[in-house]
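Each chain, written out:
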Amino acid sequence: MCGRYGYSKRALSQIAQKMGLPIDAAMQFLLEKYRKQNHAPTMPGPVVRTADTGPAVEMLRWGFVGQRRADGGPAPLHINARCETVSRLPVFRDSWAHRRCLVIADWFYEWDQQPRPKQPWRFVLEDEEPMVMAGFWKPTTLPNGQSVDAYAVVTTEANATVGRIHDRMPVLLHERDWRTWLDPDTPPEVLKALHRPYDGAMFARPVDIRLNKKKMPGK
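Residues numbered from 1 in each chain as written. Predicted model: local features only at pLDDT ≥ 70, side-chain atom pairs only at ≥ 80, totals over all residues. Heavy atoms only, no water.

## With respect to the confidence of the model for the protein
Then step 1. For the protein, the mean per-residue pLDDT works out to 89, and 93% of the residues sit at or above 70.
Then step 2. Looking at the elements of the protein, mean pLDDT is at its lowest for helix H2 (residues 25-34), recorded as 69, and at its highest for helix H6 (residues 188-193), recorded as 98. (pLDDT = per-residue confidence, 0-100. Helix = DSSP H or I, 4+ residues; strand = E, 2+ residues; numbered from the N terminus.)

See the structure below:
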C-alpha cells in the first residue's frame with residue numbers, strides 16, 4: 001500500500017512546467033500552507049486532473065469515504081486501490097474508468113515491520129526528480145456532511161528496491177504516460193498496461209521513527 005508520502009512546491013512546479021500548466025496565486029498560497037514531508041490520509045494534496053479546458057492543478061483530499069458498513073460501523077476510508085481489482089470493484093471502477101488524476105510527490109514511505117518500533121523508509125527516484133503516482137478521484141461526502149472531491153492512489157506489486165521492505169508500491173508513471181493516464185478516452189487495456197512496478201532506478205533510506213506519528217514536529 002501507500003500510506004504516507006511527501007511533496008514540495010518544487011515537485012509541483014516541475015511537473016506543471018513539463019505539462020505547460022499554470023500555477024496561479026491561489027495555488028501558490030495553498031502549496032506554501034500545505035506542503036508536507038509527511039503527507040497523511042485526509043490531508044489535501046496536489047493532483048493534476050482533467051477539467052473542461054484541459055489538465056489543471058488542484059488540491060484534493062487524500063482518501064474518499066466508502067459506503068457505510070452493514071453492521072452500522074463507520075464507513076471505510078479508501079486511500080489506495082489494488083491494480084488487480086480496481087477495474088472490477090464497484091467502489092473504484094467508475095472513477096478509475098472516467099476520473100483519473102496524477103498524484104504529485106517527491107517520495108513515498110513504507111515501513112519495515114520487523115524492528116520495534118517499526119522503521120520507516122523513504123523511497124526516491126535515483127535522480128531525485130519528482131514522481132507521479134497514478135490516481136483517480138471521486139466526489140465524496142464526509143461524516144460531517146461536507147461534500148468534497150477526494151483521490152486514491154493505485155498500487156501494484158513492489159519492484160526489487162521496494163520489495164526489500166514491502167510487497168506493494170504505488171503505480172509510478174513515466175513522463176511519456178502522464179497524458180495517456182489522464183485522457184478519458186484511453187482504452188482500459190492501455191490503462192492496465194501501465195499498472196506495472198516502476199522499472200526506473202530508485203533508492204531507499206531509513207528516516208526518523210517520529211514519522212510513525214501522523215504529523216512530524218514542525219510540519
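## A word on the side chain of Thr156
Then step 1. For Thr156, the position within the fold is in strand E12 (residues 147-157).
Then step 2. When its relative accessible area of 3% is taken as the criterion, Thr156 is described as buried.
Then step 3. Not counting residues within four places of it along the chain, the set of residues in contact with Thr156 comprises Cys83, Asp167, Arg168, Met169, Pro170, Val171, His195, Arg196 and Pro197. (Buried < 20%, exposed > 50% of the residue type's maximum accessible area, 1.4 Å probe, protein only. Contact = heavy atoms within 4.5 Å.)

## What about the pattern of salt bridges?
Then step 1. Applying the stated criterion across every chain, the model contains 10 salt bridges.
Then step 2. Between Glu129 and Lys18 there is a salt bridge, with its nearest N and O atoms 3.7 Å apart. Here Lys18 lies in helix H1 (residues 9-19) and Glu129 lies in the loop between strand E10 (119-125) and strand E11 (131-141), a separation of 111 residues in the sequence.
Then step 3. A relative accessible area of 28% means that Glu129 is categorised as partly exposed. (Salt bridge = Lys/Arg side-chain N within 4 Å of Asp/Glu carboxyl O.)

## Side note on the environment of Gly66
Then step 1. In this fold, Gly66 is placed in the loop between strand E5 (64-65) and strand E6 (77-78).
Then step 2. What makes Gly66 buried here is its relative accessible area of 12%.
Then step 3. Sequence-distant contacts of Gly66, that is, excluding residues within four places in its chain, are made with Ala75, Pro76 and His78.

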